[in-house]
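Here's the letter readout for the chains.
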Amino acid sequence: MLDACLSRSRTRHSANYELLTPPGRGPFPAVVVMHGCDGINANTRAWAARLVGWGYAALIVDSFRSRGLSNVCNRGAMLPPSVRAADAIAAKSRSEERR
């Protein structure tokens, strides 16, 4: 049932983020969801779905796709934390502009 709800409230952008919202008009409190070293996976999406179920908007940030990466496990220097933080800030700003 939650999957059906999410499919109606999911917004993908060519940018590096995906915004999932609960049903209704909002506004909703939001949580930025960052993936691990292996990119966006079922666990990332499960946490986003859980947050949406709790009434939060979930902003999933993808730091890999635009850089052609899929996994940096044991190679964290390929994508420093400062770059990922900048991705989160940029995604938040772009999602606010689209409201």
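Not measured: the values here are computed from a predicted model.

Engineer: Outline the overall build of the chain, supporting the account with residue identities and numerical values.
Structural biologist: Of regular secondary structure, the chain possesses 3 helices and 4 strands. The linear arrangement of helices and strands in the chain, starting from the amino end, is α-β-β-β-α-β-α. Of the contacts formed within the chain by residues at least 6 apart in sequence, a portion of 69% connects residues at least 24 apart. Carbon and sulfur atoms make up 55% of the accessible area of the chain, which amounts to about 6,100 Å² in all.

Engineer: Report on a nonpolar patch on the surface, specifying residues and quantitative values.
Structural biologist: A cluster of nonpolar side chains, contributed by W47, W54 and Y56, occupies part of the molecular surface with about 360 Å² of accessible area. Classification of W54 by relative accessible area gives exposed; the value is 56%.

Engineer: Now, about the confidence of the model for the chain: what can you tell me, with residues and values included?
Structural biologist: Counting all residues, the mean pLDDT for the chain is 81, and 82% of those residues have values of 70 or more. Mean pLDDT values over the elements of the chain span from 38, in helix α1 (residues 2-9), up to 96, in helix α2 (residues 42-53). This model gives residues 1-9 a pLDDT under 50, and the stretch forms 8 contacts once residues within four places in sequence are excluded.

Definitions and cut-offs
Residues numbered from 1 in each chain as written. Predicted model: local features only at pLDDT ≥ 70, side-chain atom pairs only at ≥ 80, totals over all residues. Heavy atoms only, no water. Helix = DSSP H or I, 4+ residues; strand = E, 2+ residues; numbered from the N terminus. Contact = heavy atoms within 4.5 Å. Areas by Shrake-Rupley, 256 points an atom, 1.4 Å probe, with all protein chains shown as cover. Patch = residues over 30% accessible without salt bridge, like charges linked within 9 Å, V, L, I, M, F, W, Y side chains within 5 Å. Salt bridge = Lys/Arg side-chain N within 4 Å of Asp/Glu carboxyl O. Buried < 20%, exposed > 50% of the residue type's maximum accessible area, 1.4 Å probe, protein only. pLDDT = per-residue confidence, 0-100.

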